[in-house]
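An overview of the molecular structure
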Amino acid sequence: MRHGAIVGALSCVPDLDAALTDYRDVLGLEVVADGPLDPALAGAWGMPDSAGRRMAVLRPASGAPCWFRLVEQPLPDGFQPTRTFGWAAWELTVQDVFALRAELDGSGVQVLGEPKEIAAIPFFVAMQALGPGREMLYFNETRAMMPGTDLPFAAAKVDQAFIAILAAPDRAAAVEWYRDALLLDEADTFRIPYSMINRAFDLPADHITALTMIQQGRMPIVEIDEYPAAATPRAHPPASLPPGNALLTLAVDSLDALALDWIAAPAVRAEAPYAGRRCATVRGPAGELLELVELG
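Thresholds applied
- Residues numbered from 1 in each chain as written.
- Predicted model: local features only at pLDDT ≥ 70, side-chain atom pairs only at ≥ 80, totals over all residues.
- Heavy atoms only, no water.
- Pairing = 2+ DSSP bridges.
- Helix = DSSP H or I, 4+ residues; strand = E, 2+ residues; numbered from the N terminus.
- Axes fitted to C-alpha atoms, helices over the stretch in contact; angles between N-to-C directions.
- Contact = heavy atoms within 4.5 Å.
- 1 Å grid on protein atoms, 1.4 Å probe; cavity = no way out; pocket = protein on both sides within 12 Å on 5 of 7 lines; lining within 4 Å.
- Points joined across faces, edges and corners; volume = space filled by probe spheres on them.
- Nonpolar A, V, L, I, M, F, W, Y, C, P; charged D, E, K, R; others polar.
- Phe/Tyr/Trp six-rings, centres within 6.5 Å; stacked < 30°, edge-to-face > 60°.
- Buried < 20%, exposed > 50% of the residue type's maximum accessible area, 1.4 Å probe, protein only.

Spatially, 8 strands are ordered β6-β7-β8-β5-β9-β12-β11-β10 in an open sheet, and the strand pairing comes out mixed. Looking along the sheet, the strands with just one partner apiece sit at the ends: β6 (110–113) and β10 (185–193). Strand after strand, the sheet turns through a mean of 30 degrees between neighbouring axes, direction not considered. Across the face of the sheet, helix α4 (residues 171–180) comes into contact with β5 (86–94), β9 (158–168), β10, β11 (208–216) and β12 (219–226) while running at roughly 155 degrees to β12.

Let us now look at the layout of surface pockets. Within this model, the largest pocket holds a volume of roughly 1,100 Å³. Taken together, 34 residues line the largest pocket, and the ones lying closest to its centre are I121, F124, A126, I192 and E223. Ranked by the residues each element gives to the lining of the largest pocket, the list is headed by β10, at 5 residues. Of the residues assigned to the lining of the largest pocket, the class counts are 22 nonpolar, 6 polar and 6 charged. Roughly 240 Å³ of internal volume is contained in the second largest pocket. A5, I6, Q160, A161 and M219 are the residues nearest the centre of the second largest pocket, which is lined by 17 residues in total. Counting only elements with at least two residues in the lining of the second largest pocket, the list comes to β9 and β12. Here the residues of the lining of the second largest pocket are counted per class, giving 13 nonpolar, 2 polar and 2 charged.

So, on to the packing of aromatic side chains. For the structure shown, the criterion picks out 3 aromatic pairs. Their ring planes at 75 degrees and their centres at 4.9 Å tell us that W177 and Y178 sit as a pair that is edge-to-face. Y178 gets classed as buried once you look at its relative accessible area, which sits at 0%. Their ring planes at 90 degrees and their centres at 5.9 Å tell us that F201 and Y227 sit as a pair that is edge-to-face. Taken together, the residues span a long stretch of sequence, with F201 in the loop between α5 (195–200) and β11 and Y227 in the loop between β12 and β13 (244–252) at a distance of 26 residues. No difference in accessibility class separates F201 from Y227, as the two residues are buried.

With that out of the way, let us pick up unusual backbone geometry. The peptide bond linking A272 to P273 adopts the cis configuration, its omega dihedral lying at 10 degrees. Following the sequence through the fold, P273 ends up in the loop between β14 (267–269) and β15 (277–283).

So this is what it looks like as structure tokens:
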């Protein structure tokens, strides 16, 4: 791991046993822990009402240092993904996106965007899906390296999360925060007809969305999307984790080198994904929960 690497991604699901059937038995992730969410950890996230809820921790069969956490929590009425600010999706690298697509039929993972090869973009084949807690999961089969960006090749059927997609009310302000406050690199900005956003907001198919990549050198980390004016903050009980894609965990060289307003003071935790390292959580510019684990 190095500064900026994605260490973990946490999603909330209404039925953890059903979600484990999908994440473990269909996606092939391995369960490494299953038990109540520690009150001290929930407090460090500023979400004390989520304490005691059942949480499972999973990792790829490859052994990659990236953990997926699922917290069992009721799904708020009317929650619709891709319509609110905050974490919008986790992008995961997979070995064979077409084979995975065939396995998702009959599961709790609903395909929203079918995988398709695009001759003009030979670097990867992507598929968009909705998880059992209405969390967005993008599955990406890497075919070749991109100019300026290293896309990871999967060493398991479903491997590590390598990009987190952030829905921002002010893309430029979010880019500045990730660049200057987290000491990461601003990479390319693209302007594209973004089908997931256009469908979610009933926009014309040719409506253009601007997005900027945040990287560390050639390593992609966060894609920051400029969301339409109709987007809103994500509604949830203020002391409970947000629904869907809830919290991202990144590795950093030093917590002390970052001038951030921590929700709670940094503390050492023994369990995965912390492994005896200090960690602390902050609210990002789009209201997102961002947990940082110190590599030192």
